[in-house]
Amino acid sequence: MLYILSQLGFSFIAAAGFGVLFNAPRRALIHCGTVGMIGWIFYIVLADAGVDPVVASFVGAFMVALVGHIMAKRFRMPMIIFSVAGIIPLVPGGLAYNTMRQIAENDYLAAIPLAAKAFMISGAIAMGLVFAEVIMQVVMNIIKRASKNVKREVS
């Protein structure tokens with residue numbers, strides 16, 4: 001339980017801190033931290049359950065984008081404010097660092113699998129963001145069509 005709470009707290013701080021670095025509005029910082037925390041908790045729960053880190057990163061990024069869309073609509077701000085800060089906890093920085101360390105030590109055979117994994121995780125993050133965007137666009141189009149049909153039937 002303490003492990004999950006510490007993961008929640010640190011991911012919130014990381015996302016909110018990067019919100020400050022990226023000049024997010026002050027009133028959005030708590031929401032940026034919340035978006036990052038939600039994405040990270042999905043990632044960490046799946047990773048701890050034995051799911052591949054690439055899949056867990058995809059799901060975490062998907063949730064960041066989904067919650068980011070909801071926050072953007074709710075607070076009438078651009079979605080990018082929430083998604084950029086919220087995605088930071090998922091970025092495989094440690095893996096990229098270890099890749100570069102192996103390259104600096106001329107251990108290329110050890111660097112290749114690390115680089116491949118960092119690349120796949122980065123791609124999964126990008127795909128998670130894009131998939132959520134596409135799904136939100138489809139849902140919004142369905143809602144718009146349904147509201148137009150209701151207005152036609154009423155008048």
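What comes next is a walk through the structure.

### Considerations on the overall build of the protein
Part 1 of the reasoning: Within the protein, the regular secondary structure consists of 6 helices and 0 strands.
Part 2 of the reasoning: Written out in order from the N terminus, the α and β elements of the protein read α-α-α-α-α-α.
Part 3 of the reasoning: Over its C-alpha atoms, taken along the principal directions, the protein stretches across nearly 75 × 30 × 30 Å.
Part 4 of the reasoning: Expressed as a percentage of contacts within the protein between residues at least 6 apart in sequence, the contacts between residues at least 24 apart total 68%.
Part 5 of the reasoning: Total accessible area on the protein is roughly 9,500 Å²; 71% of this is exposed by carbon and sulfur atoms.
Part 6 of the reasoning: The centroid of the 12 positive side-chain charges in the protein is displaced by 22 Å from the centroid of its 6 negative side-chain charges.

### Quick word on the environment of F22
Part 1 of the reasoning: Relative to the assigned elements, F22 resides in the loop between α1 (2–21) and α2 (29–48).
Part 2 of the reasoning: If we skip the residues at most four places from it in the chain, F22 touches V84 and I88.

### As for the nonpolar core
Part 1 of the reasoning: Grouped together as the largest cluster of nonpolar side chains are 32 residues, with contacts concentrated most on C32, F82 and L90.
Part 2 of the reasoning: For this core, the secondary-structure elements that each account for two or more residues are α2, α3 (53–75), α4 (79–87) and α6 (108–154).
Part 3 of the reasoning: Among the elements that line this core, the one with the most residues is α3, at 10 residues.
Part 4 of the reasoning: In this structure, L90 is in contact with G39, W40, Y43, S57, G60, A61, V64, I121 and I125, ignoring residues within four places of it in sequence.

### Some details on a positive patch on the surface
Part 1 of the reasoning: A cluster of basic side chains, namely K73, K144, R145, K148, K151 and R152, defines a positive patch on the protein surface.
Part 2 of the reasoning: A per-element tally of the positive patch places α6 first, with 5 residues.
Part 3 of the reasoning: Within the secondary structure, R152 sits in helix α6.

### With respect to the packing of α2 against α4
Part 1 of the reasoning: Running from amino to carboxyl end, α2 crosses α4 at an angle of 50°, the nearest separation of the two axes being 8 Å. Taken together, the axes of α2 and α4 are oblique relative to one another. Like other packed secondary-structure pairs, α2 and α4 cross with a definite hand, here right-handed. Residues H31, C32, V35 and G36 of α2 pack against I81, F82, A85 and G86 of α4.

Rules of the game
- Residues numbered from 1 in each chain as written.
- Predicted model: local features only at pLDDT ≥ 70, side-chain atom pairs only at ≥ 80, totals over all residues.
- Heavy atoms only, no water.
- Helix = DSSP H or I, 4+ residues; strand = E, 2+ residues; numbered from the N terminus.
- Contact = heavy atoms within 4.5 Å.
- Areas by Shrake-Rupley, 256 points an atom, 1.4 Å probe, with all protein chains shown as cover.
- Lys, Arg positive; Asp, Glu negative; His and termini not counted.
- Charge placed at Lys NZ, Arg CZ, Asp CG, Glu CD.
- Core = buried A, V, L, I, M, F, W, Y, C linked by side-chain atoms within 4.5 Å.
- Buried < 20%, exposed > 50% of the residue type's maximum accessible area, 1.4 Å probe, protein only.
- Patch = residues over 30% accessible without salt bridge, like charges linked within 9 Å, V, L, I, M, F, W, Y side chains within 5 Å.
- Salt bridge = Lys/Arg side-chain N within 4 Å of Asp/Glu carboxyl O.
- Axes fitted to C-alpha atoms, helices over the stretch in contact; angles between N-to-C directions.
- Parallel < 35°, antiparallel > 145°, perpendicular 65-115°, else oblique.
- Left-handed = near helix turned anticlockwise from the far one by under 90°.

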